[in-house]
Amino acid sequence: KTAASAASHLGRNVLLGFLGLLVAVHFAGLEYFLMSSADRVRSPLHPWFRPTGFVGQAAGIAAFVLFMFLWLYPIQKRFRRLEFGASRASWLDAHVIAGICVPFLATLHASWRFSGLIGLGYGAMMVAWLSGIVGRYIYIRIPRSRSGVELTREELETQRRAVLQQI
């Protein structure tokens, strides 16, 4: 493996581990998130899971940092000098995993309460999140060469004939 490939693999594993941690934190605070607003204030979990609590505020800061990180992918696509040694596929993987993490962090920060303008912003984020998931599904269905370039129908047909000839 090249150093860039190993680094992107490590980065992907770190982000997946982070996503697992987020899911675990959501389950740890589930009792708190299911309480009414009045009961939350008296809960021993309130100092931890309220939006300005330790977990809530940390989640808000992390969501902001990851949201800013998400912009690196479209910027590096436009300016090749910003690839930092990683392939475009590695950048896309990191972008996708970070994009999956942001709603989990925002949900933690909001303590599962979405009303008013915050709810509208969260809904817009979820529309973008779902469109990203659909886009990734479509993206992986496009046949590509080993270098990542999309294949034309003629190139696909040539590869198919070569495989059939080999068989």
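Residues numbered from 1 in each chain as written. Predicted model: local features only at pLDDT ≥ 70, side-chain atom pairs only at ≥ 80, totals over all residues. Heavy atoms only, no water.

**Concerning the overall build of the chain**
The test is simple: In DSSP terms, a helix is any run of H or I states spanning at least four residues, a strand is any run of E spanning at least two, and both are numbered starting from the N terminus. When accessible area is computed with a 1.4 Å probe and restricted to protein chains, residues below 20% of their type maximum are described as buried, those above 50% as exposed, and intermediate ones as partly exposed. Whether two residues are in contact is decided by their heavy atoms: any pair within 4.5 Å suffices. Surface exposure here means Shrake-Rupley accessible area, sampled with a 1.4 Å probe, where a residue is shielded only by the protein chains that are shown.
Counting its regular elements, the chain contains nine helices and zero strands. Residues classed as buried in the chain amount to 26% of the 167 residues present. Sequence separation of 24 or more characterises 56% of the internal contacts of the chain that already satisfy a separation of 6 or more. Taken as a whole, the chain presents about 11500 Å² of accessible surface, with 68% of it coming from carbon and sulfur.

**Remarks on the confidence of the model for the chain**
The criterion, for reference: As a per-residue measure, pLDDT tells how confident the predictor is, with possible values from 0 to 100.
In this model, the chain carries an average pLDDT of 80, and 85% of its residues clear a pLDDT of 70 or more. Per-residue pLDDT, averaged within each element of the chain, yields its smallest value for helix H1 (residues 3-28) (74) and its largest for helix H2 (residues 30-33) (88).

**With respect to the packing of aromatic side chains**
Operational definition: Whether two aromatic rings pair depends on their centres lying within 6.5 Å, for rings of Phe, Tyr and Trp, where Trp uses its six-membered ring; planes under 30 degrees apart make the pair stacked, over 60 edge-to-face, and the rest tilted. A ring has a charge above it when a Lys NZ or an Arg CZ is no more than 6 Å from the ring centre and no more than 35 degrees off the ring normal.
Under the counting rule described, the total for this entry stands at six aromatic pairs. Taking the centre distance of 5.9 Å and the plane angle of 70 degrees together, the rings of Tyr 32 and Phe 33 count as edge-to-face. Looking at Arg 40, its charged tip hangs above the ring of Tyr 32, at a distance of 4.8 Å from the centre.

**Re helix H5 (residues 54-70)**
To keep things clear, this is the line we draw: To estimate how far a helix should reach, multiply one less than its number of residues by 1.5 Å. The arc under discussion is defined with respect to the helix axis, by the directions toward the C-beta atoms.
Spanning 17 residues, H5 covers 24 Å between terminal C-alpha atoms, matching the ideal 24 Å at 1.5 Å per step. Those residues of H5 lying buried are Val 55, Gly 56, Ala 59, Gly 60, Ala 63, Leu 66 and Leu 70. Seen along its axis, H5 keeps its buried residues to an arc of 135 degrees; they face one direction. Away from the buried face of H5 by more than 90 degrees, exposed residues Phe 54, Ile 61, Phe 64 and Val 65 are located.

**Looking at the nonpolar core**
Note the cut-off: Only buried residues count toward a nonpolar core. Its members are Ala, Val, Leu, Ile, Met, Phe, Trp, Tyr and Cys residues joined through side-chain atoms within 4.5 Å.
Within the largest apolar cluster, 16 residues are counted, with the highest numbers of intra-cluster contacts made by Leu 66, Leu 105 and Leu 108. Breaking this core down by element, the ones donating at least two residues are H1, H2, H5 and helix H7 (88-109). When near neighbours in sequence (up to four residues on either side) are disregarded, Leu 105 contacts Phe 18, Leu 22, Ala 59, Ala 62, Ala 63 and Leu 66.

**A word on the pattern of salt bridges**
Put simply, the test is: For salt bridges, the criterion is a side-chain nitrogen of Lys or Arg within 4 Å of an Asp or Glu carboxyl oxygen.
Per the stated rule, a full pass over the model turns up three salt bridges. With a closest N to O distance of 2.7 Å, Glu 157 and Arg 160 form a salt bridge. Taken together, the positions of Glu 157 and Arg 160, both in helix H9 (residues 153-166) and three residues apart, correspond to about one turn of that helix. Under the relative-accessibility criterion, Glu 157 is labelled partly exposed at 26%. In this structure, the salt-bridge partner of Glu 157 is Arg 161, at a minimum N-O distance of 3.8 Å. Of the two residues, Glu 157 and Arg 161 are both situated in helix H9; the distance of four residues between them amounts to about one turn of the helix. Through salt bridges with shared partners, a single network forms among Glu 157, Arg 160 and Arg 161.

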